[in-house]
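Residue-level listing of the chains:
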Amino acid sequence: MEKESYDLLFKLILIGDSCVGKSNILLKYLKNEFDPNSRATVGVEFGTKNIIINNKKIKIQIWDTAGQERYRSITSAYYKGAKGCFIVYDITNSQSFDDIIKWYEEIKRSGDKGVSIILVGNKCDLENERKITIEMGKNKAKEMNCPFYETSALSNIMIEQVFKSMCEDIYNKIKSEKKDDDEDDDIEIVKDENKIVNINIEAKPKKKCCK
Ligand code: GTP
Ligand code: MG
């Protein structure tokens, strides 16, 4: 079997309450698919994608886990080595917005120093059911000193951009550490070898997510 080669590996993680759409954000980004009946994640899944930044082949590994307390098996291994973390809430669910602080504290406590964070308000296609205004999202992100995006996994709004922004941020941090800044920063997708791997060995939950 051919050995896979890449210059850098970025581990990214998705956190946030159950049903905010973490798994669908991942699914949309990696496979351009959406699952209206997705089940609550059990254990941990991860997907991979290769991108090129500045002529460097970068493998991104995106980890997804359960937001639901009873299925959560988050250990320090989930956070360990993550260079980027998306804290996701649902713009139609106030509780998920209130819980951001809990997730923020968790990543600060368990994540690596210098992890890049992006706040993501998902389901922005549901404008009629909106509970959290864009302004509220922006203010929260300001408090956390991180970028803010509203996304829709359903309508494919800002999904690609949020990952691109994360990778650029991480890359620029690495580059500034290495003081190597005379090349251009274009990001492009090289290969479609995206896959999602379930590394959970527990049984699937009987209940649908959000039901
Ligand atoms: P856990 O695995 O339990 O932590 O949930 P999750 O955050 O992974 O949520 P999931 O992706 O399973 O989505 C939950 C529900 O919201 C599903 O019914 C999805 O179809 C729906 N959903 C996800 N993203 C969107 C979106 O952008 N818009 C709309 N309208 N629905 C969405
Ligand atoms: Mg999930």
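For the structure itself, look to the data block above.
Report on the accompanying structure. Treat the numbers as computed from the prediction; the structure is a model and nothing was measured. (Residues numbered from 1 in each chain as written. Chains lettered and ligands numbered in written order. Predicted model: local features only at pLDDT ≥ 70, side-chain atom pairs only at ≥ 80, totals over all residues. Heavy atoms only, no water.)

Let's talk about the overall build of the protein
When its secondary structure is counted, the protein shows six helices and seven strands. Tracing the protein from N to C terminus, the helices and strands come up as β-α-β-β-α-β-α-α-β-α-β-α-β. Counting all 211 residues of the protein, 52% fall into the buried class. Contacts spanning at least 24 positions in sequence make up 76% of the contacts within the protein whose residues lie at least 6 apart. Summed over its atoms, the accessible surface of the protein is roughly 11200 Å², and 48% of this surface lies on carbon and sulfur atoms. (Helix = DSSP H or I, 4+ residues; strand = E, 2+ residues; numbered from the N terminus. Buried < 20%, exposed > 50% of the residue type's maximum accessible area, 1.4 Å probe, protein only. Contact = heavy atoms within 4.5 Å. Areas by Shrake-Rupley, 256 points an atom, 1.4 Å probe, with all protein chains shown as cover.)

Regarding helix α4 (residues 100-110)
Within α4, the full set of buried residues consists of Ile100, Trp103, Tyr104, Glu106 and Ile107. With its buried residues spanning 160 degrees around the axis, α4 presents them on a single face. Exposed and facing more than 90 degrees away from the buried side of α4 are Lys108 and Arg109. Where α4 is buried, its residues meet β1 (8-15), α2 (76-79), β4 (84-90), α3 (94-98), β5 (116-122) and α5 (134-144). (Arc of directions from axis to C-beta.)

What about the site of ligand 1?
For ligand 1, the set of nearby residues contains 26 residues, the closest of which are Ser18, Lys22, Ser38, Thr41 and Gly67. Contacts to ligand 1 include Ser23, whose side-chain N or O atom sits 2.9 Å from an oxygen atom. Between ligand 1 and Ala153 there is a distance of 2.8 Å, counted from an oxygen atom to a backbone nitrogen or oxygen. Ranked by the residues each element gives to the shell around ligand 1, the list is headed by helix α1 (residues 22-31), at three residues. (Near = heavy atom within 4 Å. Polar contact = N/O pair within 3.5 Å; in protein donor to acceptor, adjacent residues only side chain to side chain.)

Comments concerning the environment of Asn32
Within the secondary structure, Asn32 is located in the loop between α1 and β2 (44-53). Judged by relative accessible area, which is 52%, Asn32 ranks as exposed. Separated by 121 residues in sequence, Asn32 and Ala153 place their C-alpha atoms 9.1 Å apart. The residues touching Asn32, leaving out its near neighbours within four places in the chain, are Leu27 and Asn156.

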